[in-house]
Each structure stands twice: as C-alpha cells, then as structure tokens.
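A look at the structure
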Amino acid sequence: MIDTHAHILNEYYDDIDKVINNMKDNIIIISGTNDSDNIEVIKLCNKYKNVYGTIGIHPEEIDNMTSDSYKIIEENLSSPKIVGIGEIGLDYHYTKDNKEKQKEVFINQLNLAKKYNKPVVVHSRDAIADTYEILKKYKELKKDIHCFSGSLEMAKEFIKINCRLGIGGVLTFKNSKLSEVIKQLPIDSFLLETDSPFLTPEPFRGDKNEPYNIIYVAKKIAEIKGISLEEVLEITKNNAICQFDLDKKMC
Ligand code: NI
C-alpha cells in the first residue's frame, strides 16, 4: 500500500518509529507545510527507507514564510526521496483577505515544479474555481488534488487536466456524498491517502489517524466499485507509483 499524503511529524506523534513501522512493508509519502516541517520531512526521508516526501508551503502558512522558504524547497528537489512539491494551494475557509498573496505563492511553487518536472500535491478548500483556473495552465504537471471532496463535474474537469484525486477517510463518513462521485469515476484516477493525523476513517473516526488506515478507504472503494480489495490495492499502488515517479520502468 502507498499512503500518498500524511503528516507524520514529531508535532503530532509521540512515537514516530512505531507509526512508520506499522507500514513497514508499505510506503508513506509525508508532506510538509512550512519551513520547519519541510526540514523535518527531509530528515525523516533520509532516516526511513519506506518514507518519501513532498515539501512545500501550505496556503495557511504563508504568513510564516521566510527568505529561505523557496530555497529550502528548490535545494532539496533533486533528492531521490523528495518526490514532489506539496502541500500547496488555496484555502479561503478562514480568510479571503490574502487571496492574491495565496495565489502568488501557489503559482511560484507551480513554476518550481515545472522547472524541475516534479508532481504537485494540491490543497484546495472553499477555493475550487480559482484552483482550477490556475492549474489548467499547468496541464503538463502531474497533480494530486489531495482530499478531493467536490462534485462529479469538477472531478471530471480536474482529471482532464492531468490530475488524480486523493481519496481518504472522508469517503467512509456516514454523511459523505463522495461515494456517489467515486462510483462514476475511473479507479485509475484515485490515490489513496490518510492525511494523518487528521480525517480518520470509520470505524475509528475521532481517533488519531495513521497511514495503515488507508486499508479502510480501500475497502470502501472496493465496496462502491464492486471489485476485490486486492484489486483496489494493486491499482491504487500503481497509480501512486506513476504519479510520484517512484519507478519509471513501470509507467
Ligand atoms: Ni494534508
């Protein structure tokens, strides 16, 4: 299994070794959101064989940016364990006042991704239209719309511009409308993710999330699609390998 998006950082877990060890025959792609996270992501990637990382500045972290923020990202993009830029994007949920600044930081990081030909992990909250308008100008980049929760129409538009959809615990929530959307989309466009420590799937909703819990998301997809769990795990693993260039020979 490959958890394509998780925040396995000291800030959230008392025993990171244990969390990573629970996924020892699997892969975790951990994501940074600010300078200190990004530095920790790089360290953890070097420490654990099954951990890969993406580094980037999250839209809610732009006020914490320093003159080193872009440099930290750019200088580490050639590391074989850093497999993309993320999470980056737009978030108008708490504040719309800094929309222009958010767009600027997002675009700067997309330009870096383009320069180094790296995939991106995109966060979009209450900002789907602006996110789409920007991303459609970067069709050549492989994009992961992390924690996708939009409409079927929107999903189809994103897939057309070279995006895959990050599907996590939300799919298992009892009030989620995502099942109906997922049902009508090709499984080739899905990436399994947990967004740990957040968004824990049922039956553990409310607990702290861990990468191993993507199995519950996979089970739900299998149920919705009427295929076996093994098939879901195999296809989504290949999707993740190709999305993040983990094995060029396979894609
Ligand atoms: Ni996240």
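Now for a look at the structure at hand. (Residues numbered from 1 in each chain as written. Predicted model: local features only at pLDDT ≥ 70, side-chain atom pairs only at ≥ 80, totals over all residues. Heavy atoms only, no water.)

Thoughts on the overall build of the protein
In terms of regular secondary structure, the protein is built from 9 helices and 8 strands. Here the C-alpha atoms of the protein give a radius of gyration of 17 Å, agreeing with the 18 Å that 2.2 N^0.38 yields for 251 residues. Here the C-alpha coordinates of the protein stretch approximately 50 × 40 × 40 Å along the principal axes. For the protein, the exposed area adds up to about 11600 Å²; of that, 48% sits on carbon and sulfur atoms. (Helix = DSSP H or I, 4+ residues; strand = E, 2+ residues; numbered from the N terminus. Rg over C-alpha atoms; globule rule 2.2 N^0.38 Å. Areas by Shrake-Rupley, 256 points an atom, 1.4 Å probe, with all protein chains shown as cover.)

Some remarks on the state of the cysteines
One pass over the structure, following the stated rule, counts 1 disulfide. A disulfide bridge connects Cys-242 with Cys-251, and the sulfur atoms are separated by 2.0 Å. As the torsion about the S-S bond is roughly -95°, the Cys-242-Cys-251 disulfide counts as left-handed. Taking the relative accessible area as the measure of exposure, Cys-242 reaches 17% and is therefore buried. Cys-147 forms no disulfide, and the closest cysteine sulfur to it belongs to Cys-163, at a distance of 15 Å. By relative accessible area, Cys-163 is classed as buried at 5%. (Disulfide = S-S within 2.5 Å. Buried < 20%, exposed > 50% of the residue type's maximum accessible area, 1.4 Å probe, protein only.)

Quick notes on the sheet that holds strand 6 (residues 143-145)
The pairing of strands in a sheet happens through backbone hydrogen bonds and is either parallel or antiparallel. Overall, parallel pairing links the 8 strands, which are arranged 1-2-3-4-5-6-7-8 in an open sheet. Each having just a single partner strand, strand 1 (2-6) and strand 8 (190-192) make up the two edges of the open sheet. Averaged over neighbouring strand pairs, the angle between their axes works out to 30° when direction is ignored. Across the face of the sheet, helix 2 (residues 35-47) comes into contact with strand 2 (27-31), strand 3 (51-55) and strand 4 (82-91) while running at roughly 160° to strand 3. Here helix 9 (residues 229-243) sits on the sheet and contacts strand 1, strand 6, strand 7 (163-167) and strand 8; the angle it forms with strand 8, its principal contact strand, is near 95°. (Pairing = 2+ DSSP bridges. Axes fitted to C-alpha atoms, helices over the stretch in contact; angles between N-to-C directions. Contact = heavy atoms within 4.5 Å.)

What to know about the coordination of the nickel ion
Surrounding the nickel ion are the protein donor atoms His-5 (NE2), His-7 (NE2), Glu-87 (OE) and Asp-195 (OD), at 2.1 to 2.2 Å. Coordination at the nickel ion comes from 4 donor atoms whose angles at the metal span 82 to 169°, giving a geometry best classed as irregular. Sequence spacing among the residues donating to the nickel ion works out to H-x1-H-x79-E-x107-D. In this pair, His-7 sits in the loop between strand 1 and helix 1 (16-21) while Glu-87 sits in strand 4, placing the two residues 80 residues apart along the sequence. The two residues His-7 and Glu-87 agree in class, both being buried. (Donors = N, O, S within 2.8 Å, 3.2 Å for Na, K, Ca; no water. Tetrahedral: all angles 85-135°; square planar, octahedral: opposite > 155°, others 65-115°.)

With respect to the layout of surface pockets
Quantified by volume, the largest pocket comes out at close to 660 Å³. Lining the largest pocket we find 28 residues, and of these His-58, His-123, Arg-125, His-146 and Asp-195 sit closest to its centre. Counting residues per element, the lining of the largest pocket draws most heavily on strand 5 (residues 120-125), which supplies 3 residues. In the lining of the largest pocket, the residues fall into 10 nonpolar, 10 polar and 8 charged. Estimates place the volume of the second largest pocket at around 240 Å³. As for the second largest pocket, its lining consists of 15 residues, of which Asn-117, Lys-118, Pro-119, Asp-245 and Lys-248 are closest to the centre. For the lining of the second largest pocket, the class distribution of residues is 9 nonpolar, 1 polar and 5 charged. (1 Å grid on protein atoms, 1.4 Å probe; cavity = no way out; pocket = protein on both sides within 12 Å on 5 of 7 lines; lining within 4 Å. Points joined across faces, edges and corners; volume = space filled by probe spheres on them. Nonpolar A, V, L, I, M, F, W, Y, C, P; charged D, E, K, R; others polar.)

Some remarks on unusual backbone geometry
Between Gly-86 and the following residue, Glu-87, the backbone shows a cis peptide bond with an omega angle of 5°. Unusually for a residue other than glycine, Asn-162 sits at a positive phi of about 75°. Examined against the element boundaries, Asn-162 turns out to sit in the loop between helix 6 (152-160) and strand 7. We classify Asn-162 as partly exposed; its relative accessible area is 31%. Residues other than glycine seldom take positive phi values, yet Asp-245 does so here, at roughly 50°. Examined against the element boundaries, Asp-245 turns out to sit in the segment after helix 9. For Asp-245, a relative accessible area of 30% translates into the label partly exposed.

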